[in-house]
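# A look at the structure
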Amino acid sequence: MADPVTHPVLQLTGIRKSYGSGETESEILHGIDLRLERGEFAALIGPSGSGKSTLLNLIGLLDRPSGGQLFIDGQETGQLDDTGLTRLRGQRIGFVFQHHHLIPAFTALENVAMPLLVARGRPDAEMFEQAGRLLDQVGLAERKQNLANQLSGGQQQRVAIARALAMSPSLVLADEPTGNLDTHSADDVFALLREVNTRLNTTFLIVTHDRRLAARCDRIIEMVDGDIVADDRVHDKLPA
Amino acid sequence: MKSWMPFEWIAAIRFLREGRMQSLLIIVGVGVGVAVIVFMSALLSGLQANLVKRTLSSQAHIVLLPPEEIARPQSPAAGISLRLQKQAQRLRSIDQWQQIQARLEGLPNIAAISPMASGPAFVVRGDANKAITLLGIDPVRYSGVIALPERMVAGQLRVGAGEAVIGIELAKDLGADIGDKIRVTTAGDATETFTVTGLFDLGNKGVNARNVYVSLRSAQSLLDLVGGVSSIDISLHDIDEAERLASKIAAETGLTADSWIKTNAQFVTALTSQRVSSNVIRFFIGLSVAFGIASVLVVSVIQRAREIGILRAMGASQGQMLRIFLLQGGIVGFFGSLLGSGLAWTFLMLWRLMARNADGSPMFVIGVDPGLVAIAAGGASLVGILAALLPARRAARLDPVVAIRG
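### Side note on the overall build of chain B
Counting secondary structure elements, chain B contains 14 helices and 10 strands. Relative to the 2.2 N^0.38 estimate, which gives 22 Å for 406 residues, the radius of gyration of chain B is 33 Å and therefore markedly larger than a compact globule would have. Principal-axis analysis of the C-alpha atoms gives chain B an extent of 105 × 65 × 35 Å. By the burial criterion, 39% of the 406 residues in chain B qualify as buried.

### Describing the overall build of chain A
A tally of helices and strands in chain A yields 7 helices and 10 strands. In terms of overall dimensions, chain A is globule-like: its C-alpha atoms have a radius of gyration of 18 Å, near the 18 Å expected for 240 residues. The principal-axis extents of the C-alpha atoms in chain A amount to approximately 55 × 40 × 40 Å. The buried share of chain A, taken over its 240 residues, is 46%. Looking at chain A alone, contacts between residues at least 24 apart form 69% of all its contacts between residues at least 6 apart.

### What to know about the sheet that holds strand 7 (residues 171–175) of chain A
Pairing between the strands of a sheet is mediated by backbone hydrogen bonds and can be parallel or antiparallel. All names here are of chain A. Pairing within the open sheet is mixed, and its 6 strands lie in the order 6-7-8-3-9-10. Strand pairing shows two members of the sheet lacking a second neighbour, strand 6 (93–96) and strand 10 (227–233), which therefore form its edges. Ignoring strand direction, the axes of neighbouring strands in this sheet form an average angle of 20°. Here strand 3 (residues 41–45) pairs with strand 9 (residues 219–224) via 4 bridges, running parallel.

### A short note on the domain arrangement of chain B
Each domain of chain B was delimited in the assignment, giving domain 1 (7–54 + 268–405) and domain 2 (97–259). One C-alpha centre belongs to domain 1 of chain B, the other to domain 2 of chain B, and the line joining them spans 52 Å.

### Focus: the sheet that holds strand 5 (residues 75–76) of chain A
Residue and element names in this part refer to chain A. Read across the open sheet, the 4 strands follow the order 2-1-4-5; overall the sheet is antiparallel. Sheet topology places strand 2 (26–36) and strand 5 at the edges, where each strand pairs with a single neighbour. With 5 bridges joining them, strand 1 (residues 10–19) and strand 4 (residues 67–72) adopt antiparallel strand pairing. For arginine 16, the partnering residue across the bridge sits in strand 4 and is glycine 67.

### Remarks on the pairing of strand 3 (residues 128–137) of chain B
All names here are of chain B. Both strand 2 (residues 110–125) and strand 3 contribute to a ladder of 9 bridges, which runs antiparallel. Residue proline 120 lies in a different strand from strand 3, and its bridge partner there is threonine 133. Once strand 2 ends, the chain turns through 2 residues before running back antiparallel as strand 3, passing glycine 126 with a positive phi of about 60°. Direction of pairing for strand 3 relative to strand 8 (residues 211–215): parallel, over a ladder of 5 bridges. If you follow leucine 134 over to strand 8, its bridge partner there is valine 212.

### Some details on unusual backbone geometry
A positive phi angle is found at glutamine 96 of chain B, which is not glycine, with a value near 55°. Examined against the element boundaries, glutamine 96 of chain B turns out to sit in the loop between strand 1 (62–65) and helix 3 (97–105).

### Points about the confidence of the model for chain B
Taken residue by residue, chain B gives an average pLDDT of 88. The fraction at 70 or more is 94%. Prediction confidence for the complex, expressed as pTM and ipTM, is 0.75 and 0.84 respectively.

### Notes on the interface of chain B and chain A
Many descriptions give the size of an interface as the accessible area lost when the pieces come together. Contacts between the two partners involve 22 residues from chain B, matched on the other side by 27 residues from chain A. Tallied by class, residues from the side of chain B that touches chain A come to 12 nonpolar, 5 polar and 5 charged.

### A short note on the packing of helix 10 (residues 265–303) of chain B against helix 12 (residues 318–354) of chain B
Residue and element names in this part refer to chain B. Running from N to C, helix 10 and helix 12 cross one another at 140°; their axes reach a closest spacing of 11 Å. Classified by the angle their axes make, helix 10 and helix 12 are oblique. The two elements helix 10 and helix 12 cross, and the hand of that crossing is right-handed. Each of Ile293, Leu297 and Val301 in helix 10 lies in contact with helix 12, whose residues at this interface are Phe325, Gln328, Gly329, Val332 and Gly333. In terms of residue class, the contact of helix 10 with helix 12 is built from 5 nonpolar, 3 polar and no charged.

### Some thoughts on the nonpolar core
Counting 125 residues, the largest nonpolar core has Ala42 and Val112 of chain A together with Ile293 and Phe325 of chain B as the members making the most contacts within it. In this view, valine 112 of chain A contacts Ala131, Leu134, Leu135, Val159, Ala162, Arg163 and Ala166 of chain A; residues no more than four positions away in its chain are not counted. With 56 residues, the next largest nonpolar core counts Ala60, Val145, Phe200 and Leu225 of chain B among its residues.

### Some details on helix 11 (residues 305–313) of chain B
For an α-helix, 3.6 residues make a turn, and residues three or four places apart therefore share a direction. Residue and element names in this part refer to chain B. The element helix 11 is extensively covered by neighbouring structure, given that 8 of its 9 residues are classed as buried. Residues of helix 11 that are buried: Ala305, Glu307, Ile308, Gly309, Ile310, Leu311, Arg312 and Ala313. Taken from the residues just after helix 11, glycine 315 is the one with a positive phi, measuring 110°.

### Section: the packing of helix 5 (residues 153–164) of chain A against helix 6 (residues 183–200) of chain A
Residue and element names in this part refer to chain A. One way to put it is that helix 5 packs onto helix 6 with a least axis distance of 9 Å and a crossing angle of 15°. Considering their axes alone, helix 5 and helix 6 lie roughly parallel with respect to each other. Two packed elements cross with a definite hand, and for helix 5 against helix 6 that hand is right-handed. In contact with Gly153, Gly154, Gln157, Arg158 and Ile161 of helix 5, helix 6 contributes Ser185, Asp188, Val189, Leu192 and Leu193. Classifying every residue of the contact of helix 5 with helix 6 by side-chain character gives 4 nonpolar, 4 polar and 2 charged.

### What about the pairing of strand 8 of chain B?
Regular strands place their side chains on alternate faces of the sheet. Residues and elements named next belong to chain B. Within strand 8, 5 of the 5 residues are buried, which leaves it mostly tucked inside the rest of the structure. The pairing of strand 5 (residues 163–167) with strand 8 spans 2 bridges and is antiparallel. In the strand pairing of strand 8, isoleucine 166 is matched with valine 212.

### What to know about the environment of valine 32 of chain B
All names here are of chain B. Inspection of the secondary structure assignment puts valine 32 in helix 2 (residues 20–56). Valine 32 sits in the partly exposed class, given 17 other C-beta atoms within 10 Å. Expressed as a C-alpha distance, the spacing of valine 32 and valine 212, which sit 180 residues apart in the sequence, is 52 Å.

### Details of the environment of glycine 94 of chain A
Residue and element names in this part refer to chain A. Here glycine 94 is to be found in strand 6. Distance in space between the C-alpha atoms of glycine 94 and lysine 17 is 22 Å, their sequence separation being 77 residues. Excluding its chain neighbours within four sequence positions, the residues that come into contact with glycine 94 are Ala164, Leu165, Met167, Pro169 and Val172.

Conventions we followed
- Residues numbered from 1 in each chain as written.
- Chains lettered and ligands numbered in written order.
- Predicted model: local features only at pLDDT ≥ 70, side-chain atom pairs only at ≥ 80, totals over all residues.
- Helix = DSSP H or I, 4+ residues; strand = E, 2+ residues; numbered from the N terminus.
- Rg over C-alpha atoms; globule rule 2.2 N^0.38 Å.
- Buried ≥ 20, exposed ≤ 12 C-beta atoms within 10 Å, placed from the backbone.
- Contact = placed C-beta atoms within 7 Å.
- Pairing = 2+ DSSP bridges.
- Axes fitted to C-alpha atoms, helices over the stretch in contact; angles between N-to-C directions.
- Domains from an automatic or database assignment.
- pLDDT = per-residue confidence, 0-100.
- Nonpolar A, V, L, I, M, F, W, Y, C, P; charged D, E, K, R; others polar.
- Parallel < 35°, antiparallel > 145°, perpendicular 65-115°, else oblique.
- Left-handed = near helix turned anticlockwise from the far one by under 90°.
- Core = buried A, V, L, I, M, F, W, Y, C linked by C-beta atoms within 7 Å.

Structural data, given as structure tokens:
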């Protein structure tokens, strides 16, 4: 496997995605080129139907592109079968969703440990220690044994962030992470993402409608009708 | 979270526990199905065993008779058409019966062998005159074949010289009781007087009116079979083997060997068709249990689509998702079968209390076979897993993108 340090966390070249076939075929993404370096904190914005979610699903290895190449940590993903994609996804990518973040049948601690449990097959003490540390870091030390649906929206999203970090992924994909929260909780959650980014140097790609939040990212990638139309570095944190 | 449990088990159990009402309902549904199957099986095998026992209480499992006498033309000349008249079968002794008896004793699966001299006769007492079957027996050997001592209602099973044991119907017809004298006459005009020493009730009116047991020696002299026996009764440990063993004995000895299966062909057919129809019922109950489990799991997969999608996004494989739902089916089947076995046991206990003869004795004994419970548990778990196959595949193939968005 390629050495993750020397490669960009994410590299897309000429990524296309179309649905249907023949006359009903419609192309959603028209050849996307994108590169995310280690530690970047990027926002992906654009109107509904611009292809943001489709792109995020491709990057998250939940779906396959119709054309083009997709590298995660330097590894080309086009040749991988479903098992290989699933494994790579589990190890390298963390997800934070807008809705239905957690599995309600499990406690906060168990939800955070879930990616480790899925990967290792059996529970062990170490995974719960790690999950506990992550929950401490997102400020939910007191809520470890609560069932997921006994937590407030903001708390659930914090648990989801802790869960996304459980496998120490290279890349965290967040789809409208604050879309379902009130302004106060949204600010808290966003601050948490930022803090993780700074502390662990984890790369973030955040899909959002909220220009106010996007403006607080280092980089804003804007999509319209299946193309990237703008890619601005807001803070000159990283050399262009 | 139990540390020895694999992820799939943990998830399956949590999902079932979370959907408490659904899980409970389907487990009860499985339980009712299993209870009916177990109860029906126990009832049926108890009933059949009882019927077979009653039928065989006055019958040997295999009866050996001398070979049929066949008329043989002396020298069939060419061009002459022969019309053979079937020969009338006279009462004959089995050739070399002691040797045959000794040989039978060496065979496996034989519980008892009872040689017997039997033939038609009349019994006279006062003005009453009845046709009977005279049976000369060795009471100890005969008791091994037919449980006559248990069926004595008065007196005792004693057939010394000049002693006879008769059925309650015959006793009624003759107006005879213990200690009374009866006179037995055969077609060959031999006559002997017997004292009635016991009355039996074999549960069959015909047998009770007809059979008269005397000593082997008395019957031999009355029937003109001195030193001979007209049949050998055999009882077996495994009655289902009767037909096979009868053919074997017939082939080896040249005697006619009739098994109870052949002589009660209609009865055996009735038992078999009863078993077949109950298997059909069991099959359909199993099928409806399977559909019940499948439908609950299909709904569960739809309800949990998002969770499945999230688990897939976290790196759970299709195989893991498949196993989670297969396990749910198996667990539901297993616990349903435990509940069902418990219910069936309760039904059977109630049945034992309710189904009683007029005298208060149990109508027939039904045992709860632990093996049957184990089979029910294993079978229901398997049915659960099979029923879960379709929903589980659906869960495994769920597109995580659609699932998460949904």
